[in-house]
Amino acid sequence: MDSIRITGGMPLSGTIAISGAKNAALPLMACGLLTDERLRLSNVAKLADIATMSQLLAQHGIEVTPENGRLALGGQITSTEAPYDIVRKMRASILVLGPLLARTGEARVSLPGGCAIGTRPVDLHLKGLEAMGAHIELENGYVHATAPRGLKGATVVFPFISVGATENLLMAASLADGQTVLKNAAREPEITDLAKCLIAMGAKIEGLETDTLTIEGVKSLHGAAHSILPDRIETGTYACAAAITGGDVFLENARAADLGAVLTSLAEAGVVITEAENGFRVTRANGLHGVDITTEPFPGFPTDMQAQFMALMTVAQGASLITENIFENRFMHVPELARMGARINIQGASAIVRGADHLTGAPVMATDLRASFSLVLAALAAQGETTISRVYHLDRGYEAVEQKLANCGAKVERVA
């Protein structure tokens, strides 16, 4: 199992090209199930999750052909079952449910690994599809959904915001009979990117960038070409990397408008963002200052940036209060940061971070995707050497980490 070794204390300096968004690419790939024609996606990052989704689509009969940052998807649906051995690797696998049901009238999809219905928002996917006329049964760890007469348009009001449920129902509604209205829908940039691709495929969708999406179902969708938007989470992560090392980094292809509250919080912490035509530059005015954050749906502070911002706050002056409102159990990186000298106390859904004079290199272990990069950030700022194990988590969502950091002067290497 690979690990990453980092010798800290080097300010990053240079340019980092931001890759295409993982969280946009996965639902966009699922769109390949909505048409018999070829769907071409560009600006696709080379990630483990992309490979997993490609494997899942192949299971359904959709051939995925990679070519220099592009994917071509096409083929006939030959299977409507998404098996556990693939789905368990990635929660986003549930996104094939809506497209399969809309196209074929049936889908049998394993519940994502470790998911207890009711505590995570998979139940919103199912309730929305039921409102559109689907019959849902849970059997032996699988969702078995049928709609032999097709899905019907409906009004769905989400009791709370769910990105995945919005994506699943948006895709399903594109082929439903009649009008579907999704209220209290997620407004994340990845939702808008998905809607734009569906429109290019012939879907009729109104209300982009709002919390109410109106979809007029069509009989069929056709092929299209779509370029995936830059990854806002990768952007925010590398902005934190520049800030925590006191560096000077230009984030190429980054879109400041997609960062929402992240840029506001960084500015309050003493980070300087200078926008340019094709990205923005990240520097630090003086020292870092403690800032309180609370994770919220877009345009609030994203839960996927919480761990990275916490790492930044471990070396800031003063104290910070970080409150996690989206997911439970998302402070698993705290004990690992503490091994490096971070001063963090957890109180329920909040963590109090008191800035330390410095962090010290230590052996640490990644616990999930975003937590893994919080350890990378801490290692970049720490005195001495840090070895991060279980970096397969990192490979799921960040492309060419060692190369991008090394190009900016970091002392980093992957150890087999």
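Residues numbered from 1 in each chain as written. Predicted model: local features only at pLDDT ≥ 70, side-chain atom pairs only at ≥ 80, totals over all residues. Heavy atoms only, no water.

(A) The pairing of strand S7 (residues 106-110), seen in detail. Note: strand S6 (residues 81-82) against S7, two bridges, orientation parallel. When the sheet's bridge partners are listed, Ala 82 is paired in S7 with Val 109. Note: S7 against strand S9 (residues 142-146), five bridges, orientation antiparallel. By the bridge assignment, Arg 108 is partnered in S9 with His 144. (Pairing = 2+ DSSP bridges. Helix = DSSP H or I, 4+ residues; strand = E, 2+ residues; numbered from the N terminus.)

(B) Fine view of the side chain of His 226. Secondary-structure assignment places His 226 in strand S14 (residues 224-227). Within the structure, His 226 has its side chain in polar contact with the side chain of Asp 193 (distance 3.1 Å). Those residues within four positions of His 226 in sequence are excluded, and the remaining contacts are Leu 28, Arg 40, Leu 41, Ser 42, Asp 193, Lys 196 and Cys 197. (Polar contact = N/O pair within 3.5 Å; in protein donor to acceptor, adjacent residues only side chain to side chain. Contact = heavy atoms within 4.5 Å.)

(C) Seen up close, the pattern of salt bridges. What the rule picks out here adds up to 18 salt bridges. Between Glu 81 and Arg 108 there is a salt bridge, and its shortest N-O distance comes to 3.2 Å. A residue pair is termed long-range when its members are at least 10 positions apart, and Glu 81 in strand S6 and Arg 108 in strand S7 qualify at 27 residues. Looking at Glu 81, the relative accessible area reads 29%, which means it is partly exposed. On the accessibility criterion, Arg 108 (22% relative accessible area) is partly exposed. One salt bridge in this structure joins Lys 404 and Glu 234, with 2.7 Å as the shortest N-O distance. Of this pair, Lys 404 sits in helix H14 (residues 401-406) while Glu 234 sits in helix H8 (residues 232-244), and the two are 170 residues apart along the sequence. (Salt bridge = Lys/Arg side-chain N within 4 Å of Asp/Glu carboxyl O. Buried < 20%, exposed > 50% of the residue type's maximum accessible area, 1.4 Å probe, protein only.)

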